[in-house]
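Report on the structure
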Amino acid sequence: MGRMQVKRAYKYRFYPTEQQRQELLRTFGCVRKVYNLALDARTRAWFTEQRRVNYTETSKLLTEWKRSDEFSYLGEVSSVPLQQTLRHLQTAFTNFFDKRAKYPTFKSRKMSRQSAEYTRSAFTFGDGRLRLAKMHDPLNIVWSRPLPDGAEPSTVTVSRDAADRWFVSILVETSTDHHEPTDNTVGVDVGVDSLATLSTGEKVTNPKHERRDRRRLAKAQRELARKQKGSNNRAKARRDVARVYARITDRRRDHLHKVTTRLVRDNQTVVLEDLQVRTMLRNGKLARAVSDAAWAQFRTMLEYKAAWYGREAIAVDRWFPSSKTCSACGGLAESMPLHIRTWICNGCGTTHDRDVNAAQNIKAAGLAVSAWGAGVRPQRESSRTGQPARKQEPSGASRKEIPALRGGE
């Protein structure tokens, strides 16, 4: 078996002391301020002087801001998270100019998630104790799983979600052992009633976590709506709503991890459709169910786990008529509305389960793609596989794609 070097993040929950909490909240605010100031400077430079501002120039601006009376408080926190947010802004611009993302937007104080990234010079780690810059005590981390033996953290990201839970994500470089080769290939047809239907005939249940907690969520949202804006009770009610959402998200992610891990472990090749989930979410009747199924997250997990463990993940063309093509004779039905779950082929008389038939066609298409090496969209780049993004900026950008100028918060 082979091995693959990967950069892998291990996320743990921790419970900060009051001093750590205040220091981190102050750092989050400074990180947001520097990001907004740098974004405003880059945007103004382009529209007023037709001049590009890169990371090096924003780093010099940061030094000037620290020396000014207005922003002198930026020097009270660790400088590393501030430099890192400038690097993140540079990456955001690179993705925008490479047409992989929209134009960067200003960060709001009301963001549901706040974070700060520390590099090796801003933390110490040893004997299971992690201490960040500007802090006297190590973080009280719940080590739910061990780090790989001999792994040295390269970056540490501290975050706080809307439910007021604190997390630390430790990035290490480690190796993964490829699974034993197998001849198994499976086609996967994702759905709403069943999360995934396999070409073997198996149907993976969709737990529908959001639907199961819908009553609890509605009650929490009603309580929130009754509270006076700006009051402490409203802030508490907002956290209650966030805790319900966090419960849904955690349970959904856990289920997806279990399903995708099994698929990658048991099959050499996993084939699925290249669905445009963002477009499907515009359908008001299906958006809630599609969002609860988390198809995009399902595919992302399959792709990076396949890369880690020596498997292959193939996405076939989204326009391939997998549902209305007979997997037995290749005949094509004229139409196949969503309410039809079982159908009979007019050519050979075979009775098909709609989803199983689609999964079998997806598998056949994936095998053809693998053999001929054409007809499939390249896999999306992922930071999990360690593939660097290109860095380039074109000569200009459309005003329609860039928000109006305003001062950073």
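Note that the structure is predicted; figures quoted are calculated from it, not measured.

Thresholds applied
- Residues numbered from 1 in each chain as written.
- Predicted model: local features only at pLDDT ≥ 70, side-chain atom pairs only at ≥ 80, totals over all residues.
- Heavy atoms only, no water.
- Helix = DSSP H or I, 4+ residues; strand = E, 2+ residues; numbered from the N terminus.
- Buried < 20%, exposed > 50% of the residue type's maximum accessible area, 1.4 Å probe, protein only.
- Areas by Shrake-Rupley, 256 points an atom, 1.4 Å probe, with all protein chains shown as cover.
- Pairing = 2+ DSSP bridges.
- UniProt positions renumbered as here; feature names shortened; annotations may be inferred.
- Expected span 1.5 Å × (residues − 1).
- 1 Å grid on protein atoms, 1.4 Å probe; cavity = no way out; pocket = protein on both sides within 12 Å on 5 of 7 lines; lining within 4 Å.
- Points joined across faces, edges and corners; volume = space filled by probe spheres on them.
- Disulfide = S-S within 2.5 Å.
- Lys, Arg positive; Asp, Glu negative; His and termini not counted.
- Salt bridge = Lys/Arg side-chain N within 4 Å of Asp/Glu carboxyl O.
- Polar contact = N/O pair within 3.5 Å; in protein donor to acceptor, adjacent residues only side chain to side chain.
- Contact = heavy atoms within 4.5 Å.
- Nonpolar A, V, L, I, M, F, W, Y, C, P; charged D, E, K, R; others polar.
- Axes fitted to C-alpha atoms, helices over the stretch in contact; angles between N-to-C directions.
- Core = buried A, V, L, I, M, F, W, Y, C linked by side-chain atoms within 4.5 Å.
- pLDDT = per-residue confidence, 0-100.

Quick word on the overall build of the protein chain
- The helix and strand inventory of the protein chain stands at 10 helices and 14 strands.
- Dimensions of the protein chain along its principal axes, counting C-alpha atoms only, are 80 × 50 × 50 Å.
- Within the span of the protein chain, comprising 409 residues, buried residues form 42% of the whole.
- Carbon and sulfur atoms form 48% of the exposed surface of the protein chain, whose accessible area is close to 23,000 Å².

Let's talk about the pairing of strand E3 (residues 123–126)
- In this sheet, strand E4 (residues 129–132) lies alongside E3 in antiparallel orientation, the contact comprising four bridges. In the sheet register, Phe123 faces E4, and the bridge partner there is Leu132.
- Between E3 and E4, which pair antiparallel one after the other, the connecting turn spans two residues, and Asp127 there sits at a positive phi close to 55°.

Some thoughts on the UniProt feature "domain: Cas12f1-like TNB" (unreviewed entry) in the protein chain
- Feature annotation in UniProt assigns "domain: Cas12f1-like TNB" (unreviewed entry) to the following positions: residues 295–362.
- Taken end to end, residues 295–362 has its terminal C-alpha atoms 16 Å apart, with 34% of it in helix and 16% in strand.

Quick word on helix H9 (residues 295–308)
- Between its first and last C-alpha atoms H9 spans 20 Å; for 14 residues at 1.5 Å apiece the expected length is 20 Å, and the two agree.
- Where burial is concerned, most of H9 is hidden: 10 out of the 14 residues are buried.
- Listed as buried for H9 are Trp295, Phe298, Arg299, Met301, Leu302, Glu303, Tyr304, Lys305, Ala306 and Trp308.
- Phi turns positive, to about 75°, at Gly310, one or two residues after H9.

As for empty space enclosed by the protein
- Applying the stated rule across the entire model yields two cavities of 30 Å³ or more.
- Volume-wise, the second largest cavity comes out at about 50 Å³.
- What lines the second largest cavity is Leu195, Asn206, Pro207, Lys208, His209, Arg252, His255, Leu256, Asp292 and Ala293.
- The set of elements that each furnish at least two residues to the lining of the second largest cavity consists of helix H6 (232–266) and helix H8 (287–293).

Some words on the state of the cysteines
- One pass over the full model with this rule turns up zero disulfides.
- Of the cysteine sulfurs around Cys329, a residue in no disulfide, the closest is that of Cys345, at 3.5 Å.

What to know about the side chain of Arg311
- Structurally, Arg311 is set in the loop between H9 and strand E12 (312–316).
- Of the side chains bearing the opposite charge, Asp266 lies closest to the buried Arg311, which forms no salt bridge; the N-O distance is 6.8 Å.
- A polar contact is formed between the side chain of Arg311 and the backbone oxygen of Asn267, at a distance of 3.1 Å.
- Sequence-distant contacts of Arg311, defined by excluding residues within four places in its chain, comprise His179, Glu180, Pro181, Thr182, Val264, Arg265, Asn267, Gln268 and Ala306.

Focus on the sheet that holds strand E1 (residues 3–14)
- Taken in spatial order, the five strands of this open sheet run E2-E6-E7-E1-E5, and their pairing is antiparallel. Each having just a single partner strand, strand E2 (114–119) and strand E5 (141–142) make up the two edges of the open sheet.
- Pairing of strand E6 (residues 155–160) with strand E7 (residues 166–177), which is carried by six bridges, proceeds in the antiparallel orientation. Of the residues in E7, the one forming a bridge with Val156 is Ile170.

Notes on the layout of surface pockets
- Considering only enclosed or pocket space, the second largest pocket measures out at about 970 Å³ in volume.
- Forming the boundary of the second largest pocket are 28 residues, of which Val190, Met280, Ser323, Leu338 and Arg354 lie nearest the centre.
- Every element with two or more residues in the lining of the second largest pocket is listed here: strand E8 (185–190), helix H7 (277–280) and helix H10 (354–372).
- Grouping the constituent residues of the lining of the second largest pocket by class yields 12 nonpolar, six polar and 10 charged.

What about the sheet that holds strand E10 (residues 203–205)?
- Judged by pairing direction, the sheet is mixed, and its five strands sit side by side in the order E10-E9-E8-E11-E12 without closing on themselves. Where the open sheet ends on each side, the last strands, each with one partner, are E10 and E12. Each strand axis lies, on average, 25° off the axis of its neighbour in the sheet, ignoring direction.
- The sheet contact formed by E8 and strand E9 (residues 194–198) spans three bridges and is antiparallel. Residue pairing for E9: Asp189 is matched across the bridge by Thr197.
- Each of E8, E9, E10 and strand E11 (269–273) touches H6; the most contacted strand, E10, lies at about 160° to it.
- Lying over the sheet, H9 contacts E8, E9, E11 and E12, oriented at roughly 140° with respect to E12.

Remarks on the pattern of salt bridges
- This model, assessed by the stated rule, comprises 28 salt bridges.
- Where Asp98 meets Arg100, a salt bridge forms, and the shortest distance between an N and an O atom there is 3.3 Å.
- Assessed through its relative accessible area of 12%, Asp98 is described here as buried.
- Within the structure, one salt-bridge network assembled from shared partners comprises Asp161, Arg165, Asp250 and Arg253.

Digging into the nonpolar core
- Counting residues in hydrophobic clusters, the biggest one holds 44 residues, and the most contacted among them are Leu24, Leu132, Val158 and Val168.
- Elements that contribute at least two residues to this core include exactly E1, helix H1 (18–49), helix H2 (55–67), helix H3 (79–97), E2, E4, E6 and E7.
- Tallying contributions element by element places H1 first for this core, with nine residues.
- Leaving out residues up to four positions away in the same chain, Leu24 has contacts with Phe14, Tyr118, Leu132, Met135, Val158 and Trp166.
- With 25 residues, the next largest nonpolar core counts Ala196, Val270, Ala293 and Ala294 among its residues.

Quick word on the confidence of the model for the protein chain
- Averaged over every residue, the pLDDT of the protein chain is 88; the share at 70 or more is 90%.
- Note that pLDDT drops below 50 for residues 374–383; the model gives that stretch 21 contacts with residues more than four away or on any other chain.
- For the stretch residues 404–409, pLDDT sits under 50, and the model shows 19 contacts to residues farther than four places along the chain or on other chains.

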